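Descriptive analysis of the structure
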Amino acid sequence: MTDIHCPNCPQGKLHPFRRVNAKEEQHIEKELRGKKGAHGFWRCQGKTALGQCLWVQPYSNQSAGFSLPASFS
């Protein structure tokens, strides 16, 4: 795990991220539509008002991140 800023979680602190699991990686591959890089994604372990954060991103590229569907909560 590592701490990274998350755009979905409360501001002002870093949040723990872990590497995505196999199920999350499969979904990311579909989202990327064949582009390489799904194996390099990390998922936020923070909590939002709605529960478990759904944000995923490449380790050092927040602008390439997005939220997983609610089914990944």
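Higher on the page you've got the structure.
Within each chain, residues carry numbers counting from 1 in the order of the written sequence. In view of the model being predicted, local features appear only for residues whose pLDDT reaches at least 70, and side-chain atom pairs are presented and counted only at 80 or more, with totals across whole chains, interfaces and linings using the full set of residues. To get the side-chain values, take all heavy atoms of the structure and skip hydrogens and water.

What follows is about the pattern of salt bridges. A pair is scored as a salt bridge if a Lys or Arg side-chain nitrogen falls within 4 Å of a carboxyl oxygen belonging to Asp or Glu. All chains considered together, the criterion is met by two salt bridges. As a salt-bridge pair, Arg 18 and Glu 24 come within 2.8 Å of each other at their nearest N and O atoms. Summary of the burial criterion: residues with accessible area below 20% of their type's maximum are buried, those above 50% are exposed, and those between are partly exposed, where the area comes from a 1.4 Å probe applied to protein chains only. Overall, Arg 18 belongs to the partly exposed group, its relative accessible area being 22%. A salt bridge links Arg 43 to Glu 24; the nearest nitrogen and oxygen atoms lie 2.6 Å apart.

With that settled, consider the environment of Glu 24. Working definition: helices are DSSP H or I runs of at least four residues, strands are E runs of at least two. Numbering for both runs from the N terminus. Structurally, Glu 24 is set in helix H1 (residues 22-32). When the C-alpha positions of Glu 24 and Val 56 are compared, they lie 9.0 Å apart, and in sequence the two are 32 residues distant. Two residues form a contact once any of their heavy atoms are found within 4.5 Å. Those residues in contact with Glu 24 that sit more than four places away from it in its chain are Arg 18, Arg 43, Leu 68 and Phe 72. Engagement of the side chain of Glu 24 in a polar contact is seen with the backbone nitrogen of Asn 21, the distance being 2.8 Å. Pairing of N or O atoms within 3.5 Å defines a polar contact, subject to two protein rules: one partner must be a possible hydrogen donor and the other a possible acceptor, and residues neighboring in sequence count only if both atoms are side-chain atoms.

Moving on, we come to the state of the cysteines. When two cysteine sulfur atoms are found within 2.5 Å, that pair is recorded as a disulfide. This model, assessed by the stated rule, comprises zero disulfides. Cys 44 supplies the cysteine sulfur nearest to Cys 9, a cysteine that is in no disulfide, at a spacing of 3.6 Å. Overall, Cys 9 belongs to the buried group, its relative accessible area being 3%.

Let's shift gears to the nonpolar core. In this description, a nonpolar core means a group of buried Ala, Val, Leu, Ile, Met, Phe, Trp, Tyr and Cys residues linked to one another through side-chain atoms lying within 4.5 Å. Of all hydrophobic cores here, the largest spans nine residues; its members are Val 20, Ile 28, Leu 32, Phe 41, Leu 54, Val 56, Phe 66, Leu 68 and Phe 72. Those residues within four positions of Leu 54 in sequence are excluded, and the remaining contacts are Arg 43, Phe 66, Ser 67, Leu 68, Pro 69, Ala 70, Phe 72 and Ser 73. Core analysis: the second largest hydrophobic core is formed by eight residues, Ile 4, Phe 17, Trp 42 and Cys 44 among them.

Taken by themselves, the reported measurements are silent on function.
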